[in-house]
Amino acid sequence: MESLRSSVYDVAQERLERLFTDFDNIFISFSGGKDSGVLLNLCIDYIRRNKLDRKVGVFHLDYEVQYQETIRYVDRVLASNTDILEVYRICVPFKVTTCASMFQDYWRPWEDSKQSLWVREKPAGSYSKEDFDFYTENLWDYEFQIRFAEWLHKRKKAIRTCCLIGIRSQESLNRWRTVHSDKNYRKYKGLKWIREMKYGICNAYPIHDWLTTDVWVANGRYGWDYNKLYDLYYQAGVPLERQRVASPFISPAISSLRLYKAIDPDMWGKMVSRINGVNFAGLYGNTSMMGWQSIKLPPGMTWEKYLYFLLKTLPRNIRDNYLQKLSVSINFWRKKGGCLSDETILKLEALGIPIIVGEHTNYKTTKKPVRMEYLDDIDIPEFKELPTFKRMCICILKNDHTCKYMGFSLNKVEKELKEQVMEKYKALI
């Protein structure tokens, strides 16, 4: 067996020593995936090996709909090591993003009015909305996680609370930014892998520099339990980098939603009647019908005309959301401009596309700000960096209500919500 890179394992042990020394209240965000699973096992082993007289919390957001192998793994983990684990299994109907439907942009797990459609019963001992005085119907799942940390901090009467999160920089650029960016939150005592979310409350990323191979070597070497869903993924031919445990209805998961039919047909049958658009997304989620692979323009139409055709098929609130984001983006490219490399600028000039190139930008980049009008389409490798109506069509086909594919800014309502959260949880630092 390939040896575990001693550097990352040893560094993880040093980080755990720092965490268990500095923080009197520690809980782990456990999703049931490989990364949070290995982080939890590292903590369990550390506590037992060092004979610490303390417990660690395990925070699990139960999204109701999940692979049964994941549910079984979570059940095993939360029922084990009861002498050192304090379990917080959350079954709350907060709002969760969905890209399975063009008619709604969120759904609610464990929604009271949909109890007859739940895919399973609530687990025994789980926490419900009545257990949290901060719960409201407008609460999103990501906001709940922030509020939970404060709730637990007060409940434990802690001096310092830390949430351990098993994200790794290798997984995505956004995760790399979470650890390495200096924006939003400051470092705890100069340590980039611990971030102060609020006075007395931190997030920590002890395995941010691990590779996927490190995770699996550690599981094999130390005999740790893991989610057997990954074995099924392997047997189904799913590449390592796409073997993830997450909400099945978010944008990155839609293309693989069809795997439920093969891996967990019983759960698939329940999902179809539970969530709007699941059957269609399962059939076409990896095709051009939902913005994947090669998208073809209907005969006799431009991408701009096709965009407005698609918008007419949507409910008014969904249509207005896309139009608002499109308006913001058009004004941005006209008045401020997007940052492009010299190479991309030369390609645009060679194609005769009217652009205005500036010299300076407030962003930390060597690229130059370029003002231009929306294009219908453009066939260059930098397609995803440029404003085109085709990209907007792809967003709609993907049911990408937040337009992440376009890199759009938040709209007014989203900005206000973010500012409210940031005001409460950042201003006190």
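Everything below is about the structure printed above this text.
Throughout this description, residue numbers start from 1 for each chain and increase along the sequence as written. In keeping with the predicted nature of the model, local features appear solely for residues at pLDDT of at least 70, side-chain atom pairs appear and are counted solely at 80 or more, and the whole-chain, interface and lining totals rest on all residues. Values reported for side chains reflect all heavy atoms of the structure, with hydrogen atoms and water molecules removed beforehand.

On to the overall build of the protein chain. Within the protein chain, the secondary structure is distributed over 16 helices and 12 strands. Partly exposed residues are those whose accessible area sits between 20% and 50% of the maximum for their type, while under 20% is buried and over 50% is exposed, using a 1.4 Å probe and protein chains only. Put simply, the protein chain has 429 residues, and 50% of those count as buried. Surface exposure here means Shrake-Rupley accessible area, sampled with a 1.4 Å probe, where a residue is shielded only by the protein chains that are shown. Per element, the accessible surface of the protein chain, about 21,600 Å² overall, is 51% carbon and sulfur. Helix and strand definitions here come from DSSP, where helices need a minimum of 4 consecutive H or I residues and strands a minimum of 2 consecutive E residues; each element is numbered from the N-terminal end.

It is worth spelling out the pairing of strand E8 (residues 191-198) at this point. In terms of burial, E8 is a largely internal element, 7 of the 8 residues being buried. Strands are labelled as partners when DSSP assigns at least two bridges between them. Taken together, the 3 bridges between strand E7 (residues 186-188) and E8 define a ladder with antiparallel strand orientation. Looking across to E8, one finds that Lys187 is bridged to Arg195. Connecting E7 to the next strand, E8, in antiparallel fashion are 2 residues, including Lys189 with a positive phi near 50 degrees. In this structure, E8 lies alongside strand E9 (residues 201-204), joined through 4 bridges in antiparallel fashion. The partner of Lys198 across the bridge, within E9, is Ile201. Where E8 hands over to E9, the hairpin turn is made up of 2 residues, of which Gly200 adopts a positive phi near 90 degrees.

Right, let's talk about the pairing of strand E3 (residues 85-90) for a bit. Alignment of strand E2 (residues 56-61) against E3, held across 6 bridges, turns out to be parallel. By the bridge assignment for E3, Leu61 is matched with Ile90. Seen with its strands pointing away from the viewer, a crossover is right-handed when the path leading from the first strand over the helix to the second is clockwise. What joins E2 to E3 is helix H3 (residues 68-79), and the crossover it makes is right-handed.

A few words on the sheet that holds strand E10 (residues 338-340). Strand order across the open sheet formed by 3 strands is E10-E12-E11, with antiparallel pairing between neighbours. Across the chains shown, the open sheet's two edge strands, defined by having one partner strand only, are E10 and strand E11 (356-357). In this structure, E11 lies alongside strand E12 (residues 368-371), joined through 2 bridges in antiparallel fashion. Looking across to E12, one finds that Val357 is bridged to Val370.

Tracing the chain through its elements places Arg168 in the loop between strand E6 (161-165) and helix H5 (173-180). Taking the relative accessible area as the measure of exposure, Arg168 reaches 0% and is therefore buried. Polar contact is defined as a pair of N or O atoms within 3.5 Å, subject to the rule that within protein one atom must be able to donate a hydrogen and the other to accept it, and that residues adjacent in sequence are counted only when both atoms are side-chain atoms. Side-chain polar atoms of Arg168 contact the side chain of Asp35, separated by 2.8 Å. Side chain to side chain, Arg168 and Thr212 meet in a polar contact 3.2 Å long.

Salt bridges are defined by distance alone: a side-chain nitrogen of Lys or Arg within 4 Å of a carboxyl oxygen of Asp or Glu. Taken as a whole and assessed by the stated rule, the structure comprises 25 salt bridges. For the salt bridge of Asp35 with Arg168, the shortest nitrogen-to-oxygen distance reads 2.8 Å. On the criterion of sequence distance, the pair formed by Asp35 in helix H2 (residues 34-49) and Arg168 in the loop between E6 and H5 is long-range, its members being 133 residues apart. You can call Asp35 buried: its relative accessible area is 7%. Between Lys368 and Asp342 there is a salt bridge, with its nearest N and O atoms 3.7 Å apart. Highlighted residues: Lys368 in strand E12 and Asp342 in helix H14 (residues 342-350), separated in sequence by 26 residues. Here Lys368 falls in the partly exposed class, since its relative accessible area comes to 26%. We classify Asp342 as partly exposed; its relative accessible area is 46%. One network of salt bridges, in which partners are shared, links Asp62, Asp75, Arg89 and Arg120.

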